[in-house]
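# Per-entry structural report
Listed below are the residues making up each chain.
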Amino acid sequence: MRGALEGRGIRPQVFFLEASDEALIRRYSETRHRHPLAENRSIVSAIRLERRLLDSIRAEADVVIDTTDLPLRELRERLFARLAELEPDRMTIQLISFGYKLGIPLEADIVLDTRFLQNPYYVPELREQSGLTEPVREYVLGQPGATRFLELVDQLLEFSIPAFEAEGKSRLTIGIGCTGGFHRSIVLAEEIATRLRAAGHDPVAVLHRELEPR
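The notes below deal with the structure included here. These numbers were taken from a predicted model, which means no experiment stands behind them.

### A look at the pairing of strand 1 (residues 15-18)
Here is the key point about a regular strand: its side chains alternate between the two faces of the sheet. Side-chain alternation along strand 1 places Phe16 and Glu18 on a buried face and Phe15 and Leu17 on a face that remains uncovered. As judged from the four bridges shared by strand 1 and strand 2 (residues 63-66), these two strands associate in the parallel manner. Among the inter-strand pairings, Phe15 is bridged to a residue of strand 2, identified as Val63.

See the structure below:
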């Protein structure tokens, strides 16, 4: 695959994430996921077989990151830092959905408030579903206010992104908030990210802060 891409003038960058056996065993136990290679093996044997199968990919990786004791937020920072090194003239964009009751992300350069929209929390069949589900997405985006909001955000970012790039900013962080950070902000963060990618901005990353384990 890598050779085929390079033959077309594309230089792919391979990021390889790994962790200690102990950390992987703990993660499988906590998530109750079954290792795909553990059909007739113990989890330890499955992990060791997986390492052997991936040895050649790891050897060719441009970046190897040990995630054993690495918090998700720090992992994200390392990935963004590496992307900035690879494309120093291209600004990376990060969107963070959040809940106002838990505070505004300190790293946000732009903050967008979605609390004017009707809250799916008060719809019993939607309350326990996050903004990543289709019913909640349809409920939020189906509101006339959401359509107008997105139009205005498009205009704001069309103006501000080139201005930030001209100032030499390497990363732009946009916070999108609602009351709890579980419904409206997630839907709109995903929608804005989709629009940014369609407009040719890359890389664009999305983090849903209130869905992260605490």
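### Some thoughts on the pattern of salt bridges
Scanning the model with the defined rule gives 12 salt bridges in all. The partner of Glu30 in a salt bridge is Arg26, and the shortest N-O contact between them spans 4.0 Å. Here Arg26 and Glu30 lie together in helix 2 (residues 21-31), a separation of four residues that amounts to about one turn. Arg195 serves as the salt-bridge partner of Glu191, at 3.2 Å between the closest nitrogen and oxygen. With Glu191 and Arg195 both in helix 7 (residues 184-198) and four residues apart, this pair spans about one turn of that helix. With relative accessibility at 31%, the residue Arg195 sits in the partly exposed group. Overlapping salt bridges, with partners in common, bring together Glu134, Arg137, Asp154, Glu191 and Arg195 in one network.

### A few points about the environment of Ser185
By secondary structure assignment, the location of Ser185 is in helix 7. In sequence terms Ser185 and Ser130 are 55 residues apart; their C-alpha atoms lie 10.0 Å from each other. Other than its neighbours up to four places away in sequence, Ser185 contacts Ser97, Phe98, Thr114, Ile176, Gly177 and Cys178.

### Side note on the pairing of strand 4 (residues 110-113)
Burial along strand 4 is one-sided: the face carrying Ile110 and Leu112 is buried and the face carrying Val111 and Asp113 is not. Summarising the sheet, strand 4 and strand 5 (residues 171-178) pair through four bridges and their orientation is parallel. Each bridged residue has a counterpart across the sheet, and for Leu112 the counterpart in strand 5 is Ile176.

### Things to note about helix 5 (residues 134-141)
Within the span of helix 5, buried status applies to Val136, Val140 and Leu141. Seen along its axis, helix 5 keeps its buried residues to an arc of 115°; they face one direction. Tucked into the core, helix 5 has its buried residues touching helix 6 (144-166) and helix 7.

### Concerning the packing of helix 6 against helix 7
Taken N-terminus to C-terminus, the directions of helix 6 and helix 7 make an angle of 50°; their axes are 11 Å apart at the nearest point. As summarised for this structure, helix 6 and helix 7 are arranged oblique, according to the angle between their axes. Between helix 6 and helix 7 lies a crossing whose hand is right-handed. For the pair formed by helix 6 and helix 7, the contact residues are Phe149, Leu150, Val153, Asp154, Leu157 and Ile161 on the first element and Leu188, Glu191, Ile192, Arg195 and Leu196 on the second. For the contact of helix 6 with helix 7, the per-class residue count stands at eight nonpolar, no polar and three charged.

### Some details on the sheet that holds strand 5
Overall, parallel pairing links the four strands, which are arranged 4-5-3-6 in an open sheet. Looking at strand neighbours, the two that pair on one side only are strand 4 and strand 6 (204-208), the edges of this open sheet. The mean angle between the axes of side-by-side strands here comes to 20°, regardless of whether they run parallel or antiparallel. Of the pairings in the sheet, the one linking strand 3 (residues 92-99) to strand 6 comprises five bridges and is parallel in character. Looking at the pairing, Leu95 lines up with Val206 of strand 6. Contacting strand 3, strand 4 and strand 5, helix 6 runs over the sheet at an angle of about 180° to strand 4. Contacting strand 3, strand 4, strand 5 and strand 6, helix 7 crosses the sheet at an angle of about 175° to strand 6.

### Description of helix 7
When the terminal C-alpha atoms of helix 7 are compared, their 21 Å separation across 15 residues agrees well with the 21 Å that a helix rising 1.5 Å per residue should span. Listing the buried residues of helix 7 in full gives Arg184, Ser185, Ile186, Val187, Leu188, Ala189, Glu191, Ile192, Ala193 and Leu196. Of the surrounding secondary structure, the elements contacted by the buried residues of helix 7 are strand 3, strand 4, helix 5, helix 6, strand 5 and strand 6. Downstream of helix 7 by one or two residues, Gly200 has phi in the positive range, about 100°.

The rules behind each value
- Residues numbered from 1 in each chain as written.
- Predicted model: local features only at pLDDT ≥ 70, side-chain atom pairs only at ≥ 80, totals over all residues.
- Heavy atoms only, no water.
- Buried < 20%, exposed > 50% of the residue type's maximum accessible area, 1.4 Å probe, protein only.
- Helix = DSSP H or I, 4+ residues; strand = E, 2+ residues; numbered from the N terminus.
- Pairing = 2+ DSSP bridges.
- Salt bridge = Lys/Arg side-chain N within 4 Å of Asp/Glu carboxyl O.
- Contact = heavy atoms within 4.5 Å.
- Arc of directions from axis to C-beta.
- Axes fitted to C-alpha atoms, helices over the stretch in contact; angles between N-to-C directions.
- Parallel < 35°, antiparallel > 145°, perpendicular 65-115°, else oblique.
- Left-handed = near helix turned anticlockwise from the far one by under 90°.
- Nonpolar A, V, L, I, M, F, W, Y, C, P; charged D, E, K, R; others polar.
- Expected span 1.5 Å × (residues − 1).

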